[in-house]
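# Descriptive analysis of the structure
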Amino acid sequence: MALLTLNNVNTFYGQIQALKDVTLEVNAGEIVALVGANGAGKTTLLNTISGLLPAKSGTIQFDNQSLNQKSAAQIVKAGISHVPEHRQVFGDMTVHDNLLLGAYQRYRKVGMKKVEADIDWVYNIFPRLKERREQFSRTMSGGEQQMLAIGRGMMARPKLMLFDEPSLGLAPLIVKDLFEVISNLRSEGMTILLVEQNARAALRLADRGYVLETGSVELEGEAEALLSDDRVQKAYLGG
Ligand code: ATP
């Protein structure tokens, strides 16, 4: 069943059209990879879903409601967490406070006890964050900051998580751990839309994938089929 559906979505920066009639679906429980070259529009697509950029036309449906007129804050409330490119953790705040902020839109409703329990849930998945709970996040390594950005996203208790280039700048061993974490999040019931330049790793992890070229969906299909597709191999897998 589709959790997220985009239909003919068009997004512009002034006169420049960055997304052209993008239609895609993410089903509940899936990991979907979105791959494409620099400037293909991957970040623009995630920003359009999470309400940071307005779609000029087209529809975005999530969990049986329209996201078109909703603010970024309302979209978080609806159940979408965006783990942005370059982590964007709050550097002058501690690890613990960054996590608390991730629950900002729900702590009044659910109460601090529940929020503390969710922080324990995050610490359980990322023991390193627990060790570093009082450390300013700007002093953490790239990999640790990525874990924190993911943990902060988890604190909204989302149904869908959007990941923008989580592997960027990380050592291969850390990338391996990171992809394992993403796979575990799916086992915890989350649905995942993953943007990656590391197309091979992303498609190995994903159930299905979309290839974006200059703002348009050029290919889509089962991840395995995309991995062995000649065009994907030539353009993105060095084949
Ligand atoms: P990368 O992998 O390099 O981050 P991407 O696939 O995420 O690339 P986007 O960042 O979404 O690509 O950019 C898509 C297009 O929109 C590019 O041509 C880019 O130059 C343009 N663009 C992005 N942000 C802006 C902006 N703020 N103003 C004008 N044009 C922009």
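It should be emphasised that the depicted structure is a prediction, and the values quoted were computed from it without experimental measurement.

### Comments concerning the packing of aromatic side chains
Summed over all chains, the structure comprises 1 aromatic pair. Here Y104 and Y107 contribute two aromatic rings whose centre-to-centre distance is 6.2 Å and whose plane-to-plane angle is 45 degrees, an arrangement assigned as tilted. Looking at Y104, the relative accessible area reads 52%, which means it is exposed. Lying across the ring of F12, K56 places its NZ or CZ 4.6 Å from the centre. In this arrangement the basic side chain of R157 is found over the ring face of W121, its NZ or CZ atom lying 3.6 Å from the centre.

### Details of the sheet that holds strand β8 (residues 191–196)
Pairing in this open sheet of 6 strands is mixed, and the strands run β6-β7-β8-β3-β9-β10 from one edge to the other. Only two strands of the sheet have a single partner each, and these edge strands are β6 (80–83) and β10 (216–222). Averaged over all adjacent pairs, the angle separating strand axes in this sheet is 15 degrees, with direction ignored.

### Looking at the site of the ligand
In the vicinity of the ligand lie 13 residues, with G39, G41, K42, T43 and T44 positioned nearest. N38 places a side-chain nitrogen or oxygen 3.0 Å from an oxygen atom of the ligand. Contact distances for the ligand include 3.1 Å between an oxygen atom and a side-chain N or O atom of Q197. Compared with its free state, where it exposes 630 Å², the ligand has 60% of that area covered by protein. With 3 residues, helix α1 (residues 42–49) is the single largest residue contributor to the shell around the ligand. By residue class, the composition of the shell around the ligand is 4 nonpolar, 6 polar and 3 charged.

Parameters at a glance
- Residues numbered from 1 in each chain as written.
- Predicted model: local features only at pLDDT ≥ 70, side-chain atom pairs only at ≥ 80, totals over all residues.
- Heavy atoms only, no water.
- Phe/Tyr/Trp six-rings, centres within 6.5 Å; stacked < 30°, edge-to-face > 60°.
- Buried < 20%, exposed > 50% of the residue type's maximum accessible area, 1.4 Å probe, protein only.
- Lys NZ or Arg CZ within 6 Å of the ring centre and 35° of its normal.
- Pairing = 2+ DSSP bridges.
- Helix = DSSP H or I, 4+ residues; strand = E, 2+ residues; numbered from the N terminus.
- Axes fitted to C-alpha atoms, helices over the stretch in contact; angles between N-to-C directions.
- Near = heavy atom within 4 Å.
- Polar contact = N/O pair within 3.5 Å; in protein donor to acceptor, adjacent residues only side chain to side chain.
- Areas by Shrake-Rupley, 256 points an atom, 1.4 Å probe, with all protein chains shown as cover.
- Nonpolar A, V, L, I, M, F, W, Y, C, P; charged D, E, K, R; others polar.

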